[in-house]
Structures are given as structure tokens and as C-alpha cells.
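The chain contents come next:
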Amino acid sequence: MDFQWYPGHMTKAKRMMQENMKLIDIMIELVDARIPLSSRNPDIDQLAANKSRLILLNKTDMADERVTAQWEEYFKEKGFYVARTNARSGKGVKGTQAIVMDACKEKLERDRKRGIKNRPIRAMIAGIPNVGKSTFINSLVGKACTKTGNKPGVTKGKQWIKLNKNIELLDTPGILWPKFEDQQVGLRLALIGSIRDEILNQDEMAIELIEYLKNHYKGILADRYQVDESEDKVKILEQVAMNRNCKMKGNELDYEKASKILLEEFRNGKLGKISLEVPEEIKEA
């Protein structure tokens, strides 16, 4: 599969981030804990080069805890502040305020020396589409101040949100990069639902997911779908279709229906806590 997806509003969003960078003290970047590197936008490192940085590993309730701990270490070694959150349940969300204050303590000290008091920390919050950014902000602020949705691209414009007297947040639309240099990145994003399903081949995605689960999470497919994991990935999808009674007219197997079931159950956490990338297996640009 060839993944390329860059709607015009995302180009606009990048330009807007660039223009607002001088207004902020810290960049908060939300990533999906199941694919922390693939769900980052590489442009942000360049855009926020001189700012304090906080990476929030969101949706930790769906990711493999052991792997999430490895990612936490990975980002800390690169100089980021890191926190784990689950925006939907609110777990870890409130604690991010203290981390923001800690990350900006040098800036606050500089302000104090210059006689500037009570100027709030200004934070920009960014993340690719469908990573849970609006849900996180609503959970942090405690009221529905941004639109939320489980479809990519719900946030369209920028808005400032006063968190308290110490912190103000600048929300931005989710942005993706113009081209996936590594097609595996595109695949991982597609698997978690960050790219619209309508433009993708779901059978191929399901087959790739089967292959990954066979290699990294032995037994999950056998337990859930009563399949023989020693078979090849196409045969396993066939067995899922048979065991879940995915049939078309004429009693033919409906692979598309079986693929949808598999992808949906993975995304809903019914297959368990699964991470799709681990630090030691990632090749970085």
C-alpha cells in the first residue's frame, strides 16, 4: 500500500503553528502510546527547536505497558519531559500541569529576575489527527471547550484556552506530514485509525496486522478467533472469516467483513493491550 495524505488545511495548520511559535514557552505534543514515533509529526522538532518540550503518551490504556515504559525512557534520553495519559478516562491528565510548570522553571526564574510577575506560561498543544487532543484538552480544562470527535481533522482553527492563572493553552489543528518516507509509518497510522478507512485497502491492513500479532503477541489471535497461528497470514484471515461466519451470497467467504472485524476489535482494545512499535526495532531518519 502506498500512503500519501496531506489535505490543504494541514499545510495551513503548519504555517499557523510556525507563526504562533514565538508566542509560546512550551510545546506539548500528544502521541498515541501504541505508536509513539509513528504518531509524531517530524516537522514539530524543527518548529519547536528552542522551546521546552513535553511528550504525552496518550491512550496508554490500549498500549502494552512494558513497551510504553521503554518509550518513556527513549524520549527522556532525548531531552523531552514525558508523561503517560489516558484522556478519555482522565488518568494522568491533571498531573501534566505540574510537569509544564517544572519544564518552564528556568523561564519563570528569568521573568522573576526581570521583574515580570504573574505572566502565565503559554503552551501550544499539537498532535496528529485522531490522537485524542481535543479529548485531552476537555479533560484538562474540565469542560467541553473544544469539539471532539473520533474522526481525523475535527479541530479546524486555533483557540487560546485559559487553564488557570498560571497556564494558557493554544490548541492547533492536527497535522500530518506531506509524505510517509517509511511506508511502515503509514501502515501503523492506518491501523490505529488516523487515516480515513475509506481510502485504504482493509484486507491488506488486516493481513499486516495478523503478521505483526503472530510475531509479537503469540496466542492473541488463537484465543480470540480460534485460528491456527502456524498458518500463513492470508490463511489466518480466511479462518477468521470462517469462524466469524463472514459470508457473501453463494456462501463465499467475505474477507472484507472479516478484516473490518479484526481492525475494529484491535482499535477497541478487544485484542488486549498492544503496541505496534518498540524502540529497538525503529529505524530513524
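It should be emphasised that the depicted structure is a prediction, and the values quoted were computed from it without experimental measurement.

Right, let's talk about the overall build of the protein for a bit. Counting secondary structure elements, the protein contains eleven helices and six strands. Burial analysis of the protein (285 residues in total) assigns 52% to the buried set. A separation of at least 24 residues holds for 67% of the contacts in the protein among residues at least 6 apart in sequence. For the protein, the computed accessible surface area is about 14200 Å², with 47% contributed by carbon and sulfur atoms.

Below, the discussion takes up the packing of aromatic side chains. Following the criterion strictly, the structure yields four aromatic pairs and no others. For the ring pair Trp71 and Tyr74, a centre distance of 5.0 Å and an interplane angle of 80° mean the geometry is edge-to-face. Here Trp71 pairs with Tyr74, and both are found in helix H3 (residues 65-77), just three residues apart, close to one helical turn. You'll find Trp71 and Tyr74 in the same group, each marked buried. Clustering of aromatic rings is evident, with ring pairs tying together Trp71, Tyr74, Phe75 and Phe80. The lysine or arginine in question, Arg122, covers the ring of Trp160, its NZ or CZ lying 4.0 Å from the ring centre.

Attention shifts here to the packing of helix H8 (residues 202-216) against helix H10 (residues 233-243). As a packed pair, H8 and H10 sit with axes 9 Å apart at the nearest point and diverge in direction by 110°. With respect to their mutual orientation, H8 and H10 come out roughly perpendicular. Facing Asp203, Ala206, Ile207, Ile210, Glu211 and Lys214 of H8, the residues of H10 in contact are Lys233, Val234, Ile236 and Leu237. Classifying every residue of the contact of H8 with H10 gives six nonpolar, no polar and four charged.

Unlike most non-glycine residues, Lys59 shows phi in positive territory, near 60°. Looking at the secondary structure, you find Lys59 in the loop between strand E2 (52-58) and H3. With a relative accessible area of 16%, Lys59 lands in the buried category. The phi angle at Asn118 is positive, at roughly 60°, despite the residue not being glycine. Positionally, Asn118 belongs in the loop between helix H5 (105-113) and strand E4 (121-126).

Reading the values: the criteria
Residues numbered from 1 in each chain as written. Predicted model: local features only at pLDDT ≥ 70, side-chain atom pairs only at ≥ 80, totals over all residues. Heavy atoms only, no water. Helix = DSSP H or I, 4+ residues; strand = E, 2+ residues; numbered from the N terminus. Buried < 20%, exposed > 50% of the residue type's maximum accessible area, 1.4 Å probe, protein only. Contact = heavy atoms within 4.5 Å. Areas by Shrake-Rupley, 256 points an atom, 1.4 Å probe, with all protein chains shown as cover. Phe/Tyr/Trp six-rings, centres within 6.5 Å; stacked < 30°, edge-to-face > 60°. Lys NZ or Arg CZ within 6 Å of the ring centre and 35° of its normal. Axes fitted to C-alpha atoms, helices over the stretch in contact; angles between N-to-C directions. Parallel < 35°, antiparallel > 145°, perpendicular 65-115°, else oblique. Nonpolar A, V, L, I, M, F, W, Y, C, P; charged D, E, K, R; others polar.

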